[in-house]
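Architecture at a glance
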Amino acid sequence: MKVPISWLNDYVDINVKPEELADALTMSGSKVESVEKLGEDISNVVVGKIISLEKHPNADKLQVSQVDIGRGTIQVVTGAQNISVGDYIPVALVGSTLPGGVKISKGKLRGIESNGMMCSGKELNLTEEDYPGAGEYGILILENGLTVGQDIKEALGLSDTVLDFEITSNRPDCLSILGMARETAVTLGVPLRKPEIKVEKEEDDVNEYASVEVRDPDLCPRYSARVVKDVKIEPSPKWMRDRLKAAGVRPINNIVDITNFVMLELGQPMHAFDLEYVKSKKIVVRRAYENETIKTLDDQDRKLDTDMLVIADGERAVAVAGVMGGANSEILDTTKTILFESANFSGSSVRITAKKLGMRTEASSRFEKGLDVENTINAVDRAVQLVEMLGAGKVCKGIIDCYPRKAEKKAIKFRPDRMNQFLGTSIESDFMVNVFRRLEFTVDEKQMLVTVPSFRPDVEREADLAEEVARFYGYNKIEATLLSGKSSTLGRKTFKQKIEDKIKNTMMACGLSEIYTYSFTSTKVFDLVNIPADSQLRKTIVISNPLGEDYSIMRTTTLPEMLETISINYNRRIEEGRFFDLAHVYLPKDTNAGELPEEKPVLTLGMYGNIDFYEIKGVLEELMDNLGITNYEFQPLKDNPSFHPGRTAYLIINGKNAGVVGEIHPEVAEKNEVPQRTYLSTVDVLALVENSNLSVNYKALPKYPAVSRDIAMLVKDEILVKQIEDTIRQYSGKILENIKLFDIYKGKQVPDGMKSIAYNITFRADDRTLTDEEVGKAMNKVLNGLKNNLDAQLRE
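Residues numbered from 1 in each chain as written. Predicted model: local features only at pLDDT ≥ 70, side-chain atom pairs only at ≥ 80, totals over all residues. Heavy atoms only, no water.

Section: the layout of surface pockets
Size it by volume and the largest pocket reaches roughly 1200 Å³. In terms of lining residues, the largest pocket is bounded by 36 residues, among which F613, Y614, K617, L720 and V721 are the most central. Listing elements by their share of the lining of the largest pocket, those giving two or more residues are α16 (613-626), β34 (632-636), β35 (643-653), α19 (721-732) and β39 (736-745). When grouped by side-chain class, the residues that make up the lining of the largest pocket number 15 nonpolar, five polar and 16 charged. (1 Å grid on protein atoms, 1.4 Å probe; cavity = no way out; pocket = protein on both sides within 12 Å on 5 of 7 lines; lining within 4 Å. Points joined across faces, edges and corners; volume = space filled by probe spheres on them. Helix = DSSP H or I, 4+ residues; strand = E, 2+ residues; numbered from the N terminus. Nonpolar A, V, L, I, M, F, W, Y, C, P; charged D, E, K, R; others polar.)

Right, here's the structure in full:
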């Protein structure tokens, strides 16, 4: 919200510098984002009047002019061809500065002295919206009647300072100059001067010109209107144009400018209808018909639906309520009779309509925050008052006001002691009462009740009253104190949070980079990872108001997002990548019963480049070790359509499926534009949490030596290494310390369908040195077990 200080000064006497005002308002809760001094980079540029023009004696395309600058006449040589004697133009005098750091000095052009420079709109950093003609080629021609010698910044309305506020959605009252003036007055401790709204002369009866019917009061609680006849459409006076431009609004004509002026001043959006084009001279506020169309003021055809509110006449829609007017009733140069609309519309309805139509306007951005229903009469009266002031028409007597259900005012109990206890202060009750009254709250000191004004919907309870007191008392004045109470609790992380931290630290220690991905996705991603049509993963939570088709559902698998990350990096010629994502999938429950989806935490790993299956499996093994999980194993997985059938495994923890790890299916790699040898893993985080053991037990260094034995055996190809290791552990007894696979061989010396496996087995006892006899017995049991269980043959 841009607020010119000169406009604020109409309602409150500002006795501090702009920067000090910005700081004070920010501290009282109205955050100032920037302080802009208009025309700050323009100096010593004045309004000049061309007295004479002569052709340059030494150049065909140059002219020598004499320019009156108020305190004398100067000679300026120019190449401009769009100027004439009598024109008012901006003149940069010798020593002046222009936007961009340009400095003007005395010089000669083809032997003729030039004591300044005539300026174009571009050289003053102006656009067509800033001043008519500023966007045209050549010198900027000013309107006649300006004071010769006047500073150009004053002439063009560039001498103001503008505060740009960040207005929060709960403070629609601050979306107006008057609202910010109220905040300023209380902050600075000075009186507030409201504009006196009064119409001096009225003719005829408004009911002779128009009538209003509100068919949907739930979407339009109040509709107020006044009529003006004998309208004269012309440019607004300079003071109004300057105000609008400084506030960021482009002047158009006197009637449209009046509606914008009132919107900025009082915070009430308005619209003006040409009554000549309103059929039956009747305004009907209703829901749109299904597939009804309207051409709005931006010349776009809009298709409407029954959830949208429109302003209609007896035959058609003439405006989209709270958003934009229709082209079929806009103000034209020939307009003679107008109806000023000042209405209150449902904020949620306006927001939904604007979003559906893709047209967020100044009006809709205000309505959607919830405006003051009591402000419509003030606004429409102010509009016709300005019409009368500008001589733009004759005001008809009376107001059409449809207000079926009057809003009730809120009264809140006021307890100074309780508020001081709440704030940790000792503020006098007189100060509190004064703050409330200056904010236009009504205070009943006998019953200790505060009645909240209708323009403050954010104040709902006693805590909100305390906030009003605190922000004007000064947050910086409230002393810092230690926590008080019977007991205090030291915050700490839950076991689950500790495990998640451990997971992240382990992943980063293994060289993986953490990524963050969206939980919103599209139904298209299921095909990218070969999810079958009848899979439970295709049953999703659908977003009711998605940002677009690509973000229309809540994800049930994290594989597509990981593959997208790998694809982006791979296609940017990054040769190797290792990523992990600790996120959630959303699995629907019984939506008919209103149950929320299951938010299941999932650890997703993705790796490509100079990597194989054993590397990503090793990362998981390192994670299991760091989390103290010992009862886990990997089992072959061949029927997951997203993964390669021969290079994928289940992660089994304590006998339950906890995840999957492997190389992606070649079809999936092609669809997602990632390398063929891309490895992914998904792990159920809750399974990790349930089986983790972070307690560390001390184990003394061994006192007795170890004994190692190497064995090599022939087994069938389908025998897994895990089966061999499980058999060795089963028959080795308590003296087994370690098993290490050191060779797998297939070649000429090995029969077809067989493979050679070699292990180093280490034995050790905690209480003695093992004898050869003990180790021999253990090895014999191992060899017999391998032969009987796996049909293994010992290689000599």
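Read on, since the account is not over.
A short note on the environment of L126
Tracing the backbone shows L126 in the loop between β10 (116-118) and α3 (152-155). Sequence separation between L126 and L140 is 14 residues, and the spatial gap between their C-alpha atoms is 9.7 Å. Ignoring sequence-local partners within four residues, the contact set of L126 consists of G121, A134, L140, L156 and L158. (Contact = heavy atoms within 4.5 Å.)

Topic: unusual backbone geometry
Residues other than glycine seldom take positive phi values, yet D230 does so here, at roughly 50 degrees. Looking at the element boundaries, D230 is found in the loop between β14 (222-229) and α5 (238-246).

Focus: helix α4 (residues 177-188)
Helix length check: α4, at 12 residues, gives a terminal C-alpha distance of 16 Å against a target of 16 Å (1.5 Å per residue), a fit within 8%. Most of α4 is tucked away: 11 of the 12 residues are buried. At the exit of α4 stands G189, carrying a positive phi of roughly 70 degrees. (Expected span 1.5 Å × (residues − 1). Buried < 20%, exposed > 50% of the residue type's maximum accessible area, 1.4 Å probe, protein only.)

Some details on the domain arrangement of the protein chain
Here the domain parsing of the protein chain yields domain 1 (2-38 + 161-188), domain 2 (43-155), domain 3 (203-402), domain 4 (411-473), domain 5 (495-691) and domain 6 (707-795). Computed over C-alpha atoms only, the centres of domain 5 and domain 6 are separated by 36 Å. (Domains from an automatic or database assignment.)

Describing the pattern of salt bridges
Applying the stated criterion to the full structure yields 58 salt bridges. Two residues, E183 and R471, come together in a salt bridge whose shortest N-O distance is 2.7 Å. Note that E183 is positioned in helix α4 and R471 in helix α12 (residues 462-473), a separation of 288 residues in sequence. Between R287 and D218 there is a salt bridge, and its shortest N-O distance comes to 3.3 Å. Placement of the pair is R287 in strand β16 (residues 282-287) and D218 in the loop between β13 (211-214) and β14, with a sequence separation of 69 residues. (Salt bridge = Lys/Arg side-chain N within 4 Å of Asp/Glu carboxyl O.)

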